[in-house]
Amino acid sequence: GSDSELVVSTVGGEDVEAEFLLTRLPTQHSLSAGNRHWSSIFDLTRLPRKVHDVLSLMLLLPLGAVITAFFHTVIGWRTVGIFTPALIALSFILADWRTGVVVFALAISLGMVTRSLVEPLRLLMVARLSFMLTLVVIFLVLTVSCLDYFRWTPSADAVLLPIVILTLTIEKIYSSTIEEGAKNTAYLLLATIVVSFCCYLLLGWKSIGLLVLHLPEVHCFTLAVLILLGRYTGYRLTELFRFRDLAFAQVS
């Protein structure tokens with residue numbers, strides 16, 4: 001409460017105990033007509049506090065892109081989509097990651113089975129993706145109902161995944177299985193999980209998110225790192241491992 005606002009009220013109560021937790025909230029910057037200036041656009045802390053957490057996560061997404069670019073360019077790991085790992089990590093930050101991992105695994109497994117069943121229909125790509133999107137939505141809705149029935153989760157947010165990303169992931173995994181084989185696809189999916197986990201650790205770092213919220217110009221360094229990664233022409237670590245026998249033969 002504040003000022004003279006009533007906090008606790010009882011009628012005929014006995015042995016009433018009350019505990020209070022006082023937290024000082026940061027002062028919001030008000031932009032009246034007299035102190036408006038165009039530079040205040042870059043002061044993100046003036047925005048309502050309820051959007052700070054969302055903006056912090058959004059400002060961390062470029063750092064997730066840096067992680068993905070590093071794994072692609074320097075290490076040589078391919079993932080299912082370029083930004084899929086960061087988006088999956090973001091969905092686990094916004095929801096319950098334990099339930100999300102289970103739902104993600106079940107959705108991928110079910111999607112692969114249904115995708116193989118749809119293949120004989122020889123649908124066009126747009127109709128096929130729309131068909132898969134419908135199945136994913138139905139699956140997630142039924143999952144929410146099942147979790148609520150068993151009282152495993154209080155809300156649907158625990159299984160909230162980017163539905164479109166999940167649908168495209170199923171399509172890409174299936175296509176990779178046909179073109180490159182199950183073994184290479186397993187490596188691709190494993191790399192995606194590892195990169196998503198690294199992005200999850202970064203996106204869950206609230207102090208970094210608050211830092212970027214207060215100093216969004218930090219992303220000038222992010223752009224510089226991405227330019228350096230984009231101009232990298234050296235060997236990837238996986239290539240050094242793949243051609244190690246040739247390197248040893250040249251030395252000998």
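Predicted, not measured: the structure shown is a model, and the values here were computed from it.

### What about the packing of helix H1 (residues 52–75) against helix H2 (residues 84–94)?
Link 1 in the chain: Close contact between H1 and H2 brings their axes to 9 Å; oriented N to C, the two are set at 140°. When the interaxial angle is binned, H1 and H2 end up oblique. When you trace H1 past H2, the crossing you get is right-handed. The segment H1 lies against H2, with Leu-57, Leu-61, Gly-64 and Thr-68 engaging Pro-85, Ala-86, Leu-90, Ile-93 and Leu-94.
Link 2 in the chain: Residue composition of the contact of H1 with H2, grouped by class: 7 nonpolar, 2 polar and no charged.

### Quick notes on a nonpolar patch on the surface
Link 1 in the chain: A cluster of nonpolar residues, Leu-133, Val-137, Val-141, Val-164 and Leu-168, forms a patch on the protein surface that exposes about 370 Å² of accessible area.
Link 2 in the chain: Broken down by secondary-structure element, the contributors of at least two residues to the nonpolar patch are helix H4 (125–149) and helix H5 (163–180).
Link 3 in the chain: With 3 residues, H4 is the single largest residue contributor to the nonpolar patch.
Link 4 in the chain: Mapped onto the secondary structure, Val-141 falls in helix H4.
Link 5 in the chain: Residue classification places Val-141 among the exposed positions, given a relative accessible area of 51%.

### Here we look at the packing of aromatic side chains
Link 1 in the chain: Considering all chains together, one arrives at 2 aromatic pairs under this definition.
Link 2 in the chain: Judged by centre distance (6.2 Å) and plane angle (85°), the rings of Phe-70 and Phe-71 are edge-to-face.
Link 3 in the chain: Among the aromatic side chains, those forming a connected cluster through ring pairs are Phe-70, Phe-71 and Trp-77.

### Observations concerning the pattern of salt bridges
Link 1 in the chain: The final tally for this structure, using the stated rule, is 4 salt bridges.
Link 2 in the chain: Measuring nitrogen to oxygen at the nearest pair gives 2.9 Å for the salt bridge that ties Glu-180 to Arg-78. Of this pair, Glu-180 sits in helix H5 while Arg-78 sits in the loop between H1 and H2, placing them 102 residues apart in sequence.
Link 3 in the chain: Residue classification places Glu-180 among the partly exposed positions, given a relative accessible area of 32%.

### A look at the side chain of Thr-73
Link 1 in the chain: Note that Thr-73 resides in helix H1.
Link 2 in the chain: Thr-73 gets classed as buried once you look at its relative accessible area, which sits at 16%.
Link 3 in the chain: Residues within four places of Thr-73 in sequence aside, it is in contact with Leu-229, Tyr-232 and Arg-236.

What counts as what
- Residues numbered from 1 in each chain as written.
- Predicted model: local features only at pLDDT ≥ 70, side-chain atom pairs only at ≥ 80, totals over all residues.
- Heavy atoms only, no water.
- Axes fitted to C-alpha atoms, helices over the stretch in contact; angles between N-to-C directions.
- Helix = DSSP H or I, 4+ residues; strand = E, 2+ residues; numbered from the N terminus.
- Parallel < 35°, antiparallel > 145°, perpendicular 65-115°, else oblique.
- Left-handed = near helix turned anticlockwise from the far one by under 90°.
- Contact = heavy atoms within 4.5 Å.
- Nonpolar A, V, L, I, M, F, W, Y, C, P; charged D, E, K, R; others polar.
- Patch = residues over 30% accessible without salt bridge, like charges linked within 9 Å, V, L, I, M, F, W, Y side chains within 5 Å.
- Areas by Shrake-Rupley, 256 points an atom, 1.4 Å probe, with all protein chains shown as cover.
- Salt bridge = Lys/Arg side-chain N within 4 Å of Asp/Glu carboxyl O.
- Buried < 20%, exposed > 50% of the residue type's maximum accessible area, 1.4 Å probe, protein only.
- Phe/Tyr/Trp six-rings, centres within 6.5 Å; stacked < 30°, edge-to-face > 60°.

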